[in-house]
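This is what each chain is made of:
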Amino acid sequence: MPQTPSPAQLRLEQRGRAGELLPIVLLNMLLNILTLSIYRFWGKTNVRRYLWRQTHFLDEPLEYTGTGGELFKGFLAVFLLILAPLGVVSNLAGVYLEPDGTELASFTGLFYLFIFFLIGMAIYRARRYRLSRTRWRGIRGAMVGSSAQYALRYVFFWGLTLASLGWAYPWMRVSLFTRIMEETRFGDRAFRVVATLGPLYRLFAICWFGSFALLIAVTAAVVNFSSASVIIEGLADEMTVSPWLGLLVLWPFFLLFWLPWYKAREINHLAAGTSFMAVSFRMDVSVWNLLGLMSLNLLIVVTTLGFGQPFAQLRVFRFFCRRLRMIGDLDMDWVRQSSAMAPSIGEGLADAFDLGAV
Amino acid sequence: MTEYEAEFNDGRTAARHHVSVTFDAHGLRLTADPPEVEGIERQWPYGALRLIDPPRPETPLRLTASSEPDARLRLDDPAFFAELQHRAPHLFLSGLARPNVRRNAAAILAALLLTGLFLWQGVPRLSAPLARLVPVEWEQKIGRVVRKRLLAGAKTCEAELGGAALSRLTRRLTSKMEAPPKFVVTVADRGAINAFAMPGGNILIFRGLLQSAESADEVAAVLAHELGHVHHRHPTQMAIRSMGVGMITDLLTGDGSALVELAGNVGGVLLLLSYSRDMERQADEFGGTLLRRADLSTHAMVGFFDRLRGAGAKTDGNNLAGYFSSHPPLSERIAAGAKSDGNKSGGGPALNNDDWQALKNICG
Ligand SMILES: [Zn+2]
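Just so we're clear, the structure is a prediction, and the values are computed from it rather than from any experiment.

1. Observations regarding the pairing of strand E6 (residues 139–143) of chain A
All names here are of chain A.
Here is step 1 of the chain: In terms of burial, E6 is largely enclosed, as 5 of its 5 residues are buried.
Here is step 2 of the chain: Here E6 shows two buried faces, one formed by Ile139, Gly141 and Met143 and the other by Arg140 and Ala142.
Here is step 3 of the chain: Pairing analysis gives 2 bridges linking strand E5 (residues 134–136) to E6, with the strands arranged antiparallel. Within the sheet, the bridge partner assigned to Arg135 lies in E6 and is Arg140.
Here is step 4 of the chain: Counted along the chain from E5 to the antiparallel partner E6, the turn is 2 residues long, and its residue Arg137 has a positive phi close to 55 degrees.
Here is step 5 of the chain: The sheet contact formed by E6 and strand E7 (residues 184–186) spans 3 bridges and is antiparallel. Bridged to Ala142 within E7 is Arg185.

Written as structure tokens, this is what we have:
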């Protein structure tokens, strides 16, 4: 074995071009319209095949082996076994429980809690399906954990995040990321995550207090401006009825304003904490990169009424591949085939909750 | 015999092996290169070969075999491509010529046809027996939702004199019934010429209908007809149909887009779908019986319809958009109404003139 003095740098490479994606997208559009959108499962599969096979690692393309039929069956199963019964139950509850009673309120609470649980489950299961259908050199990926356990964690942390006015958010992100990555396999090999909370909390604190600074600044500006205009004065008068309530309602939006700064740091931090065999990962994302990616993607999807989604996905792939570095020596020869069970049908839950980002 | 250089993954590890590939009569023969490496030797019959991706220029050809779907063979040589095309042409079929594409197309077509059949025949046939199973409180709940939608923010009219006239009219209609259905009649302050029966026995009459009627007899005829719908639980059947349609469209499009939600909405679809010919006939029969028992003219219905149709033709169909969209003017119906009309308001007008004026002005 030749010894390399300095650690090697490896990269994923996305060679996809929008021009090649266009005929796939146009055909999907046509067939979606002709089949009243039943074709969407096959269309989604065609797009994934293209995106996967244009992603190269060590000059070998990834491969997507899922089929439209699997997605279609997964969707049918979820619709008939979960969504339809849920719809019936919630309708019955609406009829038989007193509209203003505590029974209906607690039912509604439990119902939404369960929906939240299902969303957590959907995230995990969609990832399990996609990884089991992703191959590189014939070796496939896998998720080896339990989706229900992940979903419980998901519900717990979101509850904590809401109760703590956001303060549990970085903890949640690290915990969920660690969980999902450590249960991710390529072949028989696991990913490892060692991510500290300190750096994330430092930035989060700035964002959190910054949101109040912003809120106060905007409120002051509005109040000053309103003295000039009668109309806004009227609005401000209405606001003063319960200014504190108004502030509380507006505050989350101001927190969201700072979110991109936090997110860029989070992506880099979590990537740096992740390793696979002897390789550690680095992401190099700035807030402006991130805002550019998100805003243009939003524009693409909105102006094409959603049909342009695949182009947005291609941009996400490119962004990710361009900014991800892998540092260290990788000896893939020792990676053996995965023995984890692969699901036979795909992603029904994620489709139902519109989580199908890719 | 030409040997082609290739890369091989056996599907057990991610290690890459160099192999040389030759064509023989039955398939591809893979031998290790260098030959000492063990466990690489393969014989892949042409029938077992699968292309990973459709072949594209300047892209390596990647193959697997159905006997070991984890294994991958990768070749760059255009000469190999040409020879494979010659030896195993079934790999290079495109479009509908490929069996799995044909199978998927057939499955999608079958799903569409079945859905269409279910919407066209299944939902209407199931709605009547299902409507009988619906508990009354559920019916009333749906009725409230539909009513809110039909009112669309318009106020209900409750002027004292007009309200008294309206209840006199309904009492006269139902006084001779053995077991009158539970129902409530409300006038809504909307200009459209329309009237609706809703699940749970709510009947809604728009101000426009009262104003365009020439006599209380005509209003009584409309009311009797709507009571026929209530008696046969047609509104509940329609609500069931619309929910069925909503569920199917949800199933088809799945993503719950705004358009689908709109179409799937109970009230929305209730308006989109009109009563079937059979339902109208049933409502007419019931209404006719009611009118005759109350000694009221059954001719008024026909006259009202005829006049509205004439007016609609003149005023670019604005008036037609209302009552006729949910009650299509069937010539067969009108003929039947005219024929059965033996008694021209034997018991006098449905309301005296004061009451009729009060009813017309119920919205103030
Ligand atoms: Zn009718």
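Moving on from the coordinates now.
2. Observations concerning the pairing of strand E11 (residues 202–206) of chain B
Look at any regular strand and the pattern is simple: side chains alternate between the two faces of the sheet.
Residue and element names in this part refer to chain B.
Here is step 1 of the chain: With 5 of 5 residues buried, E11 is to be regarded as a mostly interior element.
Here is step 2 of the chain: Burial of the side chains of E11 extends over both faces: Asn202, Leu204 and Phe206 are buried on one face and Ile203 and Ile205 on the other.
Here is step 3 of the chain: Note: strand E9 (residues 184–188) against E11, 5 bridges, orientation parallel. Bridged to Val185 within E11 is Ile203.

3. A short note on a negative patch on the surface
Residues and elements named next belong to chain B.
Here is step 1 of the chain: Taken together, Glu3, Glu5, Asp33, Asp76 and Asp77 make up a surface patch of like negative charges.
Here is step 2 of the chain: Mapped onto the secondary structure, Glu3 falls in the segment before strand E1 (4–9).
Here is step 3 of the chain: On the accessibility criterion, Glu3 (57% relative accessible area) is exposed.

4. Focus: the nonpolar core
Here is step 1 of the chain: Membership of the largest hydrophobic core comes to 85 residues, with the highest contact counts inside it found for Leu21, Leu51, Trp136, Phe186, Tyr262 and Met326 of chain A.
Here is step 2 of the chain: Residue contributions to this core peak at 10 residues, all from helix H4 (residues 102–132) of chain A.
Here is step 3 of the chain: Leave out the neighbours within four places in its chain, and Trp136 of chain A touches Phe57, Leu58, Glu60, Pro61, Leu62, Phe186 and Met332 of chain A together with Ala14 of chain B.
Here is step 4 of the chain: With 42 residues, the next largest nonpolar core counts Leu173, Val185, Ile203 and Ala224 of chain B among its residues.

5. Describing the domain arrangement of chain B
It is common to report an interface's size as the accessible area lost on association of the parts.
Here is step 1 of the chain: Domain boundaries assigned for chain B yield domain 1 (4–92), domain 2 (96–126) and domain 3 (132–360).
Here is step 2 of the chain: The gap between the C-alpha centroids of domain 1 of chain B and domain 2 of chain B is 38 Å.

6. A look at the packing of aromatic side chains
Here is step 1 of the chain: Applying the stated criterion to the full structure yields 42 aromatic pairs over all chains.
Here is step 2 of the chain: With centroids separated by 4.7 Å and ring planes inclined at 35 degrees, the aromatic side chains of Phe191 of chain A and Phe276 of chain A adopt a geometry described as tilted. Placement of Phe191 of chain A in strand E8 (residues 189–193) and of Phe276 of chain A in strand E9 (residues 274–276) is noted, with a sequence separation of 85 residues between them. Residue Phe191 of chain A shares its accessibility class with Phe276 of chain A, and that shared class is buried.
Here is step 3 of the chain: Ring geometry for Phe81 of chain B against Phe92 of chain B: centres 5.4 Å apart, planes inclined by 85 degrees, an arrangement best described as edge-to-face. Residue Phe81 of chain B is found in helix H1 (residues 78–87), and its partner Phe92 of chain B is found in the loop between H1 and helix H2 (99–133); the two are separated by 11 residues along the sequence.
Here is step 4 of the chain: Residue classification places Phe92 of chain B among the buried positions, given a relative accessible area of 18%.
Here is step 5 of the chain: The ring of Phe75 of chain A carries Arg40 of chain A above its face, with NZ or CZ at 5.1 Å from the centroid.

Here is what the cut-offs are and how they apply
Residues numbered from 1 in each chain as written. Chains lettered and ligands numbered in written order. Predicted model: local features only at pLDDT ≥ 70, side-chain atom pairs only at ≥ 80, totals over all residues. Heavy atoms only, no water. Buried < 20%, exposed > 50% of the residue type's maximum accessible area, 1.4 Å probe, protein only. Helix = DSSP H or I, 4+ residues; strand = E, 2+ residues; numbered from the N terminus. Pairing = 2+ DSSP bridges. Patch = residues over 30% accessible without salt bridge, like charges linked within 9 Å, V, L, I, M, F, W, Y side chains within 5 Å. Areas by Shrake-Rupley, 256 points an atom, 1.4 Å probe, with all protein chains shown as cover. Salt bridge = Lys/Arg side-chain N within 4 Å of Asp/Glu carboxyl O. Lys, Arg positive; Asp, Glu negative; His and termini not counted. Charge placed at Lys NZ, Arg CZ, Asp CG, Glu CD. Core = buried A, V, L, I, M, F, W, Y, C linked by side-chain atoms within 4.5 Å. Contact = heavy atoms within 4.5 Å. Domains from an automatic or database assignment. Phe/Tyr/Trp six-rings, centres within 6.5 Å; stacked < 30°, edge-to-face > 60°. Lys NZ or Arg CZ within 6 Å of the ring centre and 35° of its normal.

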